[in-house]
Each structure stands twice: as C-alpha cells, then as structure tokens.
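For reference, the chains in residue letters:
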Amino acid sequence: MIPVLFIGHGSPLNALEENEFVKGWKEIVKTIPRLNAILCISAHWETRGTLVTAMERPTTIHDFGGFPRELYDMQYPAPGSPELAKEIKRIIRKTGVGLDDKWGFDHGCWSVLKRMYPDADVPVIQMSLDTSRPAQYHYNLAREISPLREQGVLIIGSGNMVHNLRLIDWDKMDEPGFGHDWAIEANEKMKKYILLDDHQSLINYRSQGKAFDLAIPTPEHFLPLLYVLALKEEDEQVEFFNDKPVMGSLTMTSLKIKKRVEQ
C-alpha cells in the first residue's frame, strides 16, 4: 500500500530555493514506492462542490504575486489522468464529483512536486476543497478515496498546520525555527492529537482554544491535513518531518503515514 503524505508547503519560493524543507521533501520521496499516479488536495483550490482535474495536459497556474520572474517562468508539465478522475468520481458516494477541465496545477501542488518529482513523469490530478462544507464532511469524504492507495496512487495533502499570514514576522524570514508562542503551542497540540489518533479533536478544531483560532484563521490550509489523517489505517504509524515554524506564524510540519513495518 502506498503511504500518504501531508506536506507543509510554505512559500512558492520553495520551488526555487535549496533549503532544509526542500531537502526534507527530496528525502521523503526516496521512501515512496514506484507510483502509478499522484492525487493532490491543495489548500489553493477552493470551490463550491468537489471537483477533480480531468484533462490530459493540466496547465501550471502561477497563483501568487510579487515573486521573482524566474518563478513565473516555471512549468510543471506532468500529464493528467482522466481515467483516475473518473475512478474518483465513481468511488465517492457522499457527494457528486465534477470533472474539471479548466484548473490545472496550483502552487500548492506544483511547487512541491517540482522538487519531489522533478521529471514530471508521474500523472497528477488535483481534487478541490469544497469550503462551504464543515471539517467532518472533508474527513468522511477522504475515507472514500482510500482504495486508491492499493492502486499505486500517492495521495498528498498540501497546506500548513499553522498558517496565519497576517501575523507573519517578516524580520524573521531568514531565521527558520522562529515561532510565536501560540503557533508553537498549536502545532505541538496538533501533533499530540495526531499521535494519539484523536482525529475528532482536530475535526473540532474550533473548540480547541485561542492558539488554534490564531493558527487556523481560515480553514483551507488545515483541511488537507484532515484528508490525510482520514486515510490512516490501524496498522499504520505517523512519521513527522520538516517540523519547524517559520516567520512566527507558519509551520512547515509535514507527515508521512506508513505501515509500521515498511515492505
């Protein structure tokens, strides 16, 4: 069975820079078996209703502003997989799934995959976040895509466990490891719940106090984590990596769900 990943994606500049987080992504790929496809649930595709990209050749979306020209010139020419999109539409029963031919790869997807799978030779599709729905809906929906793991599909949730852009400390940009007290508190509490398999407390994140409220001012960067946790089986364990805050109010904490004894 293919492992599952949650990637704290951080800045789009990670597509360009060589840093400890990019190194962590590259190292984790070495532990992933050969793939048939990748399904990415990114914080940056918010919709009403659930959609999956279903085109043969998705475009690379540069959905950000104020970055170096080199970043806008980057492309991630991985093929899509209309067949996988149709399979997801078939296996999800909790809602209707739309087949999308317009979106492509947003930076929550391609800026990470460009470093993890630079050859862009594995088919990739994205599934959107229906942000009109509550957290429990997303967790339940994710459980329905579990069979894809047996079909050689790597499922990646791409977001950030702590993500509050309004409270970034720009003076600490070059100081990885700096986090506001509330950000560290929230991140540690999330990790504790994850290790205890207490997913319900994370689903009920709005009842976890002020640190969580600051860490998750809006849900889109947090929800991909719930998709990943929903896919964890009883005989699997969690491995954290890239577990550091940046600029005070973001955490790059990422995790891999894998069998307790890897094949």
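Up top is the structure.
Residues numbered from 1 in each chain as written. Predicted model: local features only at pLDDT ≥ 70, side-chain atom pairs only at ≥ 80, totals over all residues. Heavy atoms only, no water.

Caption draft 1: Representation of the packing of helix 5 (residues 135-143) against helix 9 (residues 223-230) in the model. Taken N-terminus to C-terminus, the directions of helix 5 and helix 9 make an angle of 40 degrees; their axes are 8 Å apart at the nearest point. In terms of orientation, helix 5 lies oblique with respect to helix 9. Between helix 5 and helix 9 lies a crossing whose hand is right-handed. Two secondary-structure elements touch here, helix 5 through Ala 135, His 138, Tyr 139, Leu 141, Ala 142 and Arg 143 and helix 9 through Leu 223, Leu 226, Tyr 227, Leu 229 and Ala 230. Here the contact of helix 5 with helix 9 is composed, by residue class, of nine nonpolar, one polar and one charged. (Axes fitted to C-alpha atoms, helices over the stretch in contact; angles between N-to-C directions. Helix = DSSP H or I, 4+ residues; strand = E, 2+ residues; numbered from the N terminus. Parallel < 35°, antiparallel > 145°, perpendicular 65-115°, else oblique. Left-handed = near helix turned anticlockwise from the far one by under 90°. Contact = heavy atoms within 4.5 Å. Nonpolar A, V, L, I, M, F, W, Y, C, P; charged D, E, K, R; others polar.)

Caption draft 2: Geometry of the pattern of salt bridges. For the structure on display, the rule yields 16 salt bridges. With a shortest N-O distance of 3.3 Å, Asp 101 and Lys 102 are connected by a salt bridge. With a closest N to O distance of 2.8 Å, Lys 259 and Asp 235 form a salt bridge. You can see Lys 259 sitting in strand 10 (residues 254-259) and its partner Asp 235 sitting in the loop between helix 9 and strand 7 (236-241), a full 24 residues away along the chain. (Salt bridge = Lys/Arg side-chain N within 4 Å of Asp/Glu carboxyl O.)

Caption draft 3: How the structure looks around unusual backbone geometry. Positive phi, close to 50 degrees, is recorded for Asn 242, a residue that is not glycine. Mapped onto the fold, Asn 242 is located in the loop between strand 7 and strand 8 (245-246). For Asn 242, a relative accessible area of 11% corresponds to the buried category. A positive phi angle, near 50 degrees, is found at Met 247, a position not held by glycine. By secondary structure assignment, the location of Met 247 is in the loop between strand 8 and strand 9 (250-251). (Buried < 20%, exposed > 50% of the residue type's maximum accessible area, 1.4 Å probe, protein only.)

Caption draft 4: Spatial organisation of the pairing of strand 10. A large share of strand 10 lies buried, amounting to five of its six residues. Two strands pair when backbone bridges link them, and strand 1 (residues 4-8) and strand 10 are joined in this way by three bridges, in the antiparallel orientation. Across the sheet, the residue bridging to Leu 5 is Lys 256, located in strand 10. Note that strand 7 and strand 10 share six bridges and pair antiparallel. Considered in strand 10, the bridge of Phe 241 is made with Ser 254. (Pairing = 2+ DSSP bridges.)

Caption draft 5: Structural view of the environment of Gln 237. Inspection of the secondary structure puts Gln 237 in strand 7. Spatially, the C-alpha atom of Gln 237 lies 6.2 Å from that of Lys 259, the residues being 22 residues apart in sequence. Leave out the neighbours within four places in its chain, and Gln 237 touches Lys 232, Lys 256, Ile 257, Lys 258, Lys 259 and Arg 260.

Caption draft 6: The side chain of Lys 191, seen in detail. By secondary structure assignment, the location of Lys 191 is in helix 6 (residues 181-195). Engagement of the side chain of Lys 191 in a polar contact is seen with the side chain of Asp 243, the distance being 2.4 Å. (Polar contact = N/O pair within 3.5 Å; in protein donor to acceptor, adjacent residues only side chain to side chain.)

Caption draft 7: Layout of the environment of Asp 197. In this fold, Asp 197 is placed in the loop between helix 6 and helix 7 (199-203). Expressed as a C-alpha distance, the spacing of Asp 197 and Gln 237, which sit 40 residues apart in the sequence, is 9.6 Å.

Caption draft 8: Highlighting the packing of aromatic side chains. Counting across every chain of the model gives six aromatic pairs. The interplanar angle of 5 degrees and the centroid separation of 5.4 Å between the aromatic rings of Trp 45 and Trp 103 together place this pair among those described as stacked. Placement of Trp 45 in strand 2 (residues 37-47) and of Trp 103 in the loop between strand 4 (97-100) and helix 4 (107-116) is noted, with a sequence separation of 58 residues between them. Since its relative accessible area comes to 3%, Trp 45 is described here as buried. (Phe/Tyr/Trp six-rings, centres within 6.5 Å; stacked < 30°, edge-to-face > 60°.)

Caption draft 9: Broad picture of the side chain of Thr 253. Examined against the element boundaries, Thr 253 turns out to sit in the loop between strand 9 and strand 10. Here the side chain of Thr 253 touches Asn 187 through a polar contact of 3.0 Å, side chain to side chain. Discounting chain neighbours no more than four positions away, the residues touching Thr 253 are Phe 6, Gly 8, Met 161, Asn 187, Lys 191, Phe 240, Phe 241, Asn 242, Asp 243 and Lys 244.

Caption draft 10: Examining the nonpolar core more closely. Of all hydrophobic cores here, the largest spans 51 residues; its most connected members are Leu 39 and Met 190. Ranked by residues supplied to this core, first place goes to helix 9 with seven residues. Residues within four places of Leu 39 in sequence aside, it is in contact with Ile 88, Ile 125, Gln 126, Met 127, Ile 145, Leu 148, Val 153, Leu 154, Ile 155 and Ile 156. Formed by 37 residues, the second largest nonpolar core is a distinct cluster that contains Ile 32, Tyr 76, Leu 154 and Phe 241. (Core = buried A, V, L, I, M, F, W, Y, C linked by side-chain atoms within 4.5 Å.)

Everything listed here is a matter of coordinates, which is why it stays silent on function.
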